[in-house]
Amino acid sequence: MTAPKVFVLNGWAASGSAWSLCRFERERVFSYVEQLDGRPEEAIADESDIVLVGWSMGGSSALRLALRWPGKIRALVLIAATPRMMQDVATGWRGMSERRLAALKKGLLMTGGGGLFGPPEGKPDPYIADDEANLDRGLEYLVSTDLRQSLMASDALRRKGGCVRIFQSDRDGIVRPENASFLGKVFPGAKVEMVSGAEHALPIFIPESIDKAVKEVLT
């Protein structure tokens, strides 16, 4: 029997260094630009047993791919993932403002990929100095994507709860902690871990926990 393939979906403006502390075996890491270009869809189309590990924007991509191909997706490891990045005053959704999102882009450009705050001491820099046009494409995706209704209406995904792991930081200023509660409703039975004290770049804060989660869903 062929072993499941693990595909990693990286965050917006994220580098491969974001995963350098994680030891789990993966088939491929898809950059956010590759996600915008549909490369994960091309890879998944010919597969039948996939584990998706998605961080931030990559978590949104993982949710979108699971909605499209619930039968192909064996499990999900969702890290600071969100079905909707932006705030929605009408429904009380606590997301980011357009102003805050623009500030993130400005910070990345000004610091050459160091983000607004720079990497934590002793940790690899999870961000890259990317082309402004690519950053804008990613921002457009984040602004326009809203998977909430589709996720809540999906019986196929609801049945996958036992094969879903969710990680969220209680100090994340980009993806709000409330996202973990929402995803817990989408995937009843999922294991939800609220990480205390960490920020948004969880792959460099809790690599051992992510490794363990991938191992769990593969066995």
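Everything here concerns the structure above.
Residues numbered from 1 in each chain as written. Predicted model: local features only at pLDDT ≥ 70, side-chain atom pairs only at ≥ 80, totals over all residues. Heavy atoms only, no water.

Here we look at the pattern of salt bridges
Part 1 of the argument: The tally for this structure, following the rule as stated, stands at 17 salt bridges.
Part 2 of the argument: For Lys5, the salt bridge goes to Glu27, with nearest N and O atoms at 4.0 Å. One end of the pair, Lys5, is in strand S1 (residues 5–9); the other, Glu27, is in the loop between S1 and strand S2 (28–30), and 22 residues separate them in sequence.
Part 3 of the argument: On the accessibility criterion, Lys5 (23% relative accessible area) is partly exposed.
Part 4 of the argument: Take Glu27: its relative accessible area is 48%, and that puts it in the partly exposed class.
Part 5 of the argument: The closest approach of N and O atoms between Arg28 and Glu34, which form a salt bridge, is 3.1 Å.
Part 6 of the argument: Here Arg28 falls in the partly exposed class, since its relative accessible area comes to 34%.
Part 7 of the argument: Within the structure, one salt-bridge network assembled from shared partners comprises Arg84, Asp88, Asp146 and Arg148. (Salt bridge = Lys/Arg side-chain N within 4 Å of Asp/Glu carboxyl O. Helix = DSSP H or I, 4+ residues; strand = E, 2+ residues; numbered from the N terminus. Buried < 20%, exposed > 50% of the residue type's maximum accessible area, 1.4 Å probe, protein only.)

Description of the packing of aromatic side chains
Part 1 of the argument: Inspection of the entire model under this criterion finds four aromatic pairs.
Part 2 of the argument: Taking the centre distance of 6.3 Å and the plane angle of 80° together, the rings of Trp19 and Phe24 count as edge-to-face. An identical accessibility class is assigned to Trp19 and Phe24; each is buried.
Part 3 of the argument: Arranged with centres 6.2 Å apart and planes meeting at 45°, the rings of Trp55 and Tyr127 form a pair that is tilted. One end of the pair, Trp55, is in strand S3 (residues 50–55); the other, Tyr127, is in the loop between helix H4 (98–110) and helix H5 (132–144), and 72 residues separate them in sequence.
Part 4 of the argument: Taking the relative accessible area as the measure of exposure, Trp55 reaches 1% and is therefore buried. (Phe/Tyr/Trp six-rings, centres within 6.5 Å; stacked < 30°, edge-to-face > 60°.)

A closer look at empty space enclosed by the protein
A water-sized probe rolled over the atoms picks out the places where empty space is left.
Part 1 of the argument: Summed over all chains, the structure comprises one cavity of 30 Å³ or more.
Part 2 of the argument: Every residue lining the largest cavity is listed: Ser56, Met57, Ser60, Thr82, Pro83, Arg84, Met85, Tyr141, Leu142 and Thr145.
Part 3 of the argument: Every element with two or more residues in the lining of the largest cavity is listed here: helix H3 (57–68) and H5.
Part 4 of the argument: Split by residue class, the lining of the largest cavity holds five nonpolar, four polar and one charged. (1 Å grid on protein atoms, 1.4 Å probe; cavity = no way out; pocket = protein on both sides within 12 Å on 5 of 7 lines; lining within 4 Å. Points joined across faces, edges and corners; volume = space filled by probe spheres on them. Nonpolar A, V, L, I, M, F, W, Y, C, P; charged D, E, K, R; others polar.)

So, the packing of H3 against H5
Part 1 of the argument: Where H3 contacts H5, the two axes come as close as 11 Å, and the packing angle between them is 55°. Taken together, the axis directions place H3 and H5 in an arrangement best described as oblique. Between H3 and H5 lies a crossing of left-handed hand. Between H3 and H5, the residues in contact are Met57, Ser60, Ser61 and Arg64 and Gly138, Tyr141 and Leu142, respectively.
Part 2 of the argument: Grouping the constituent residues of the contact of H3 with H5 by class yields three nonpolar, three polar and one charged. (Axes fitted to C-alpha atoms, helices over the stretch in contact; angles between N-to-C directions. Parallel < 35°, antiparallel > 145°, perpendicular 65-115°, else oblique. Left-handed = near helix turned anticlockwise from the far one by under 90°. Contact = heavy atoms within 4.5 Å.)

Things to note about the sheet that holds strand S4 (residues 73–79)
Part 1 of the argument: With parallel pairing, six strands are arranged side by side in an open sheet as S2-S1-S3-S4-S5-S6. The two strands at the open ends of the sheet, each matched to only one other strand, are S2 and strand S6 (191–195). Neighbour to neighbour, the strand axes of the sheet diverge by 15° on average, direction disregarded.
Part 2 of the argument: H3 contacts S1, S3 and S4 of the sheet and is inclined by roughly 145° relative to S3. (Pairing = 2+ DSSP bridges.)

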